[in-house]
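Structural features, examined
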Amino acid sequence: PVFKPSYARVSMDGFVDMFRRYWAHMLVVFSVYLWKDLLDGLDRVLMANTQLDMTFVVYAIEGDIVLWIQEGLRNEVLDVALTHFYVMGFMTATFASFILPIYFDDRHMADRVSLSMFWVYVLAIPFYLFLNVRVTGDYISGMETVAYDLTPEIHNWFNRIDPFTNGMPSLHIGWTLLIGVMFLRSRVLIWLKALGIIYPVLTFIGIIITANHYIIDAAGGLGVMLAAYLLYEGFLRIKHRIPKLNIMQSPNID
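Residues numbered from 1 in each chain as written. Predicted model: local features only at pLDDT ≥ 70, side-chain atom pairs only at ≥ 80, totals over all residues. Heavy atoms only, no water.

**Overview of the overall build of the protein**
Across its full length, the protein carries 11 helices and 0 strands. Starting at the N terminus and ending at the C terminus, the protein contains elements arranged as α-α-α-α-α-α-α-α-α-α-α. Burial status across the protein gives 45% buried among its 254 residues. Across the protein, contacts joining residues at least 24 apart in sequence account for 87% of those joining residues at least 6 apart. Entry remark: accessible area of the protein is about 14000 Å², with carbon and sulfur atoms responsible for 69%. (Helix = DSSP H or I, 4+ residues; strand = E, 2+ residues; numbered from the N terminus. Buried < 20%, exposed > 50% of the residue type's maximum accessible area, 1.4 Å probe, protein only. Contact = heavy atoms within 4.5 Å. Areas by Shrake-Rupley, 256 points an atom, 1.4 Å probe, with all protein chains shown as cover.)

**Considering the nonpolar core**
Counting residues in each nonpolar core, the largest one holds 37 residues, and the members touching the most others are F98, I102, M117, V120, Y121, W175 and L178. Of all the elements in the fold, those that place two or more residues in this core are α2 (23-50), α5 (76-103), α6 (107-130), α9 (171-185), α10 (190-209) and α11 (215-241). In terms of residues, this core owes the most to one element, α6, which gives 11 residues. Counting 21 residues, the second-largest nonpolar core is a separate cluster that includes L67, V133, V135 and Y214. (Core = buried A, V, L, I, M, F, W, Y, C linked by side-chain atoms within 4.5 Å.)

**Comments concerning the layout of surface pockets**
Here the largest pocket is characterised by a volume of approximately 660 Å³. At the level of elements, α2, α5, α6, α8 (152-161) and α9 are the ones that each hand at least two residues to the lining of the largest pocket. Ranked by the residues each element gives to the lining of the largest pocket, the list is headed by α5, at 6 residues. In terms of residue class, the lining of the largest pocket is built from 19 nonpolar, 6 polar and 4 charged. Volume-wise, the second largest pocket comes out at about 290 Å³. What lines the second largest pocket is a set of 13 residues, among which A93, S97, F183, L192 and L195 lie closest to the centre. Mapped onto the lining of the second largest pocket, the elements with two or more residues apiece are α5, α9 and α10. Broken down by element, the lining of the second largest pocket gets its largest block of residues, 6 residues, from α10. Of the residues belonging to the lining of the second largest pocket, the class tally is 11 nonpolar, 2 polar and no charged. (1 Å grid on protein atoms, 1.4 Å probe; cavity = no way out; pocket = protein on both sides within 12 Å on 5 of 7 lines; lining within 4 Å. Points joined across faces, edges and corners; volume = space filled by probe spheres on them. Nonpolar A, V, L, I, M, F, W, Y, C, P; charged D, E, K, R; others polar.)

**Considering the packing of α5 against α9**
At a minimum axis separation of 11 Å, α5 and α9 run at an interaxial angle of 35°. Note that α5 runs across α9; the crossing there is left-handed. Between α5 and α9, the residues in contact are Y86, F90, M91, T94, S97 and L100 and L171, H172, W175, T176, I179 and F183, respectively. (Axes fitted to C-alpha atoms, helices over the stretch in contact; angles between N-to-C directions. Left-handed = near helix turned anticlockwise from the far one by under 90°.)

**A word on the packing of aromatic side chains**
Summed over the entire model, instances satisfying the criterion amount to 7 aromatic pairs. Here the aromatic rings of F30 and F98 are separated by 6.1 Å at their centres, their planes lie at 75°, and the arrangement is edge-to-face. Residue F30 is located in helix α2, and its partner F98 is located in helix α5; the two are separated by 68 residues in the primary sequence. A residue is classified by how much of its surface remains accessible, and F98, at 0% relative accessible area, is buried. Centroid distance F118 to W119: 6.4 Å. Interplanar angle 75°. Geometry classified as edge-to-face. Classification of F118 as buried rests on a relative accessible area of 18%. Every member of this aromatic cluster is reached through a ring pair, and the members are F30, F90, F95, F98 and W175. (Phe/Tyr/Trp six-rings, centres within 6.5 Å; stacked < 30°, edge-to-face > 60°.)

**Details of the confidence of the model for the protein**
In the predicted model, the protein carries a mean pLDDT of 79, and the fraction of residues at 70 or more is 86%. Below a pLDDT of 50 lies the segment residues 245-254, which in the model reaches 0 contacts outside its immediate sequence neighbourhood of four places, other chains included. (pLDDT = per-residue confidence, 0-100.)

**Description of helix α4 (residues 65-73)**
Taken as a whole, α4 has its buried residues at V66, L67 and Q70. Down the axis of α4, the smallest arc covering the buried residues is 105°, so these residues share one side. α4 presents W68 and G72 as exposed residues on the side facing more than 90 degrees away from its buried surface. (Arc of directions from axis to C-beta.)

Laid out in structure tokens, this is it:
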């Protein structure tokens, strides 16, 4: 009820029925998890055998800007809040925003969000495999690895799942900007549109302070977001130009 658009209704039947109506959308988005495990394994093999590390290029361009930001803004409260946002809050908010149009049966928005989210990841894959950029806390001297070392449990979890070389482009920025644009173009409540603006800003601050990304990584996230958005919008234009065959009006064939 809190997130209900003015045109929609809330019901348990709708919650159950959305799995029948939108299973393909969910499959497309959640398949990213399976892709990530496979590609992270491949990335580790490539790094071990080719040493495809381009971090020095990014650092040569940007320098210690993220270190200065971390030193200027960091405090204990932000360490805890932004680390938990990075670990859990980001994914929760991202997939909640994906489920929102599905639950309220907004097929146009569900198509747009799910396919665009998928394309953001697909477009990032070549960078992750062949343009490895390490996290800032693993490269810049004096940069505290806040997100990875806040607790032993979080440290162990990251060491199991993260190769620490998928910095460019930032999916955190790519996905949050995409969701923000989608919210602004949808029929959701006005305060959700406001969250669509706040969400990328909070994410950007979080990935810098917690020592995960360079500003250039964020720019890369913006780039793949725009590319994914334009890909889908182009697909829509082509789809609308293809005439639909109306069987009921087709001529009789003798």
